[in-house]
Protein chains: 4
Amino acid sequence: MARGVNKVILIGNLGDAPDVRYTPNGNAVANLSLATSESWKDKNTGQPVERTEWHRIVLFGKVAEIAGQYLHKGAKVYIEGKLQTRKWQDQQGQDRYTTEVVVDINGQMQMLSGQNDGGAQSRADQQASAYQPQAGRSDGAKQYQQASGSSQKQPPAAQVAGGFDDSFDDDIPF
Amino acid sequence: MARGVNKVILIGNLGDAPDVRYTPNGNAVANLSLATSESWKDKNTGQPVERTEWHRIVLFGKVAEIAGQYLHKGAKVYIEGKLQTRKWQDQQGQDRYTTEVVVDINGQMQMLSGQNDGGAQSRADQQASAYQPQAGRSDGAKQYQQASGSSQKQPPAAQVAGGFDDSFDDDIPF
Amino acid sequence: MARGVNKVILIGNLGDAPDVRYTPNGNAVANLSLATSESWKDKNTGQPVERTEWHRIVLFGKVAEIAGQYLHKGAKVYIEGKLQTRKWQDQQGQDRYTTEVVVDINGQMQMLSGQNDGGAQSRADQQASAYQPQAGRSDGAKQYQQASGSSQKQPPAAQVAGGFDDSFDDDIPF
Amino acid sequence: MARGVNKVILIGNLGDAPDVRYTPNGNAVANLSLATSESWKDKNTGQPVERTEWHRIVLFGKVAEIAGQYLHKGAKVYIEGKLQTRKWQDQQGQDRYTTEVVVDINGQMQMLSGQNDGGAQSRADQQASAYQPQAGRSDGAKQYQQASGSSQKQPPAAQVAGGFDDSFDDDIPF
DNA sequence: TTTT
DNA sequence: TTTT
């Protein structure tokens, strides 16, 4: 149930491969960095200007797994989610805020790239609804087991067995 | 022109009266704080839980003026805009980022509150398209002349003549 | 799953009370007539012009029951659904097509009218997700048991017991 | 200005090449047939089922010209427009209604197909805002000069000079 | 048939 | 960090 509407619709390209991790109970969580851009003519100079906006996307559940399997750097994607700002502490203990587009069971992710546009593991037009996350997103996200490199398709158990990625242990979660 | 889609749709209630300021060349800029909330039953306890999300909205041009004139604390509003993250420096000189929903000429603002729901200056269902902002939003926003108290309807010139609100001079722009 | 996106977002006022009926297995189906309007200045005469668009909305499941209980003529409503065109035959046996906005489990309905705006049974800000319909919408819709008059809140069994509305037996389903 | 919100968002594939015509005063009008589809498992048989929905899209102005130039059968497209139902008379003089998604100055069209996906004249990711139509859409649309075959890029004058397509003169406008 |  |  909701009082109000909180909806985000994006179409853009991934700046990098999805970062897929797993919660202790085996739920996938994928973080995407998505670019949208607009261009216009400068009013004074008449010169074309381009501005790119980078969006932080968080997928939960099945849609996160699909993202890990089929999305790649540069892939064009449709995202429907909701805005959510989470609070975290930096190294100085100061409060910081990060706004993300969360795609859960009520959201949607859809691949728009054709199968011939550069990504080895791309498959066209796949789509899925997201599962409800078992729990809210953690501030530091450190409890998620990172899918290491090419093994993102492994089942969660295997992920847990796979070692913890130390680079994950930084203070700033983005 | 755009490559990609960047769209946000919100319906919520204002946490406070709009904060309307003016650029040196007389363009209105309004900042709104908008709440959307969702509730669900906790899976373990079965207890109802509610989470409120606060959104930072920035209106430009005519729609900003209308917001200043007709919106009030608690007003229910429909917002259609785009996501934009701006960078600013805190007192320690560290980079900080704030994500806002920007309503410009391509966006929309619409009042949903009836005339009988508490706001002295509310008028129902007013709507307008936003003018294109003359320039991008500033990081610290300090160049905007703040509309002091009840004088928000004054023309920009009067605003410039009106004194500068010192409380505006803090380091954190939200 | 879907290939493509099919989404409609409307905010408007009901032209009449919802028409709620029940399928043989007890699922509620509500039909709404929703008006949205836009106004502009005629380019030649400079006179203000207004155009009202009427939308046919079909709600399934729980959201249909809520509509029957709390919505009333004139109520302001937010609708999120999908476009669907269904085929039916007129009295001459000719194919006809009607396009509707269908609100199912993936859609949303939200009341925007305050409690003081005229509807006896209105309650503010109620919202719900729709249940998946048991089956697709019928062309002629004749198998739905009509909720007669004020008894729309009765359980389906009572509806079935209540007499059949003969005016429902016409050839044109809208 | 508007009281209410009337918005449609679609991503789908064209069932045929765009049909581009010109008004007497030279404004382009393009009609598209766009398919979206969804699939699910039948509850009883467990068999996968697919349903395709066909949408009638009408583009006005510059976006109509771009559609004529760059879109082709099968192209994947993002559409943002509004619902509009127009009335017309069939050969028996009976009223008929057709619902379309109208993309005008407030809407958007964006090509999502890559340049390698089969269309001779496709160019990727072009986008444009639509011009406001000079006048409302006609019921029968017969006053539009049809762009004959490969000459869709010709200027309106040439179109007017080019012969009238007789097949256009039927009674049913879709 | 709604709403302002 | 993407895309055209």
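Read on for an overview of the structure. (Residues numbered from 1 in each chain as written. Chains lettered and ligands numbered in written order. Predicted model: local features only at pLDDT ≥ 70, side-chain atom pairs only at ≥ 80, totals over all residues. Heavy atoms only, no water.)

You can overlay chain B on chain A at an RMSD of 0.0 Å; the transform is a turn of 180 degrees with a shift of 0.0 Å along its axis. This pairing of chains is accounted for by a two-fold axis. Identified as the residue of chain B closest to the rotation axis by C-alpha distance is Val 8 of chain B, at 2.2 Å. The share of interface residues of chain B whose copies in chain A are also at the interface is 100%, consistent with both copies meeting through the same surface. (Least-squares fit on C-alpha atoms with pLDDT ≥ 70 in both. Contact = heavy atoms within 4.5 Å.)

A few words now on the pattern of salt bridges. If you walk through the whole model with that rule in mind, you get 42 salt bridges over all chains. The closest approach of N and O atoms between Arg 21 of chain A and Asp 19 of chain A, which form a salt bridge, is 2.7 Å. The salt bridge involving Lys 87 of chain D is made with Asp 95 of chain D; its shortest N-O contact spans 3.4 Å. Among the residues examined, Lys 87 of chain D registers a relative accessible area of 37% and is labelled partly exposed. Through salt bridges that share partners, Lys 7 and Glu 80 of chain A together with Lys 7 and Glu 80 of chain C make up one connected network. (Salt bridge = Lys/Arg side-chain N within 4 Å of Asp/Glu carboxyl O. Buried < 20%, exposed > 50% of the residue type's maximum accessible area, 1.4 Å probe, protein only.)

Moving on, we come to the protein's contact with DNA strand F. Taken together, 15 residues lie near DNA strand F, and Gly 15, Ser 33, Thr 52 and Trp 54 of chain A together with Arg 3 of chain B sit nearest. Within the backbone of Leu 14 of chain A, an N or O atom sits 3.3 Å from a sugar or linking oxygen of DNA strand F. Within the side chain of Ser 33 of chain A, an N or O atom sits 2.8 Å from a base nitrogen of DNA strand F. Those elements giving two or more residues to the surface near DNA strand F turn out to be strand S2 (5-14), strand S4 (28-41) and strand S5 (48-60) of chain A. (Near = heavy atom within 4 Å. Polar contact = N/O pair within 3.5 Å; in protein donor to acceptor, adjacent residues only side chain to side chain. Helix = DSSP H or I, 4+ residues; strand = E, 2+ residues; numbered from the N terminus.)

Structurally, the position occupied by Glu 50 of chain C is in strand S5 (residues 48-60). Taking the C-alpha atoms as reference, Glu 50 of chain C lies 6.9 Å from Ser 37 of chain C; in sequence the two are 13 residues apart. At 3.5 Å, the side chain of Glu 50 of chain C forms a polar contact with the side chain of Arg 3 of chain D.

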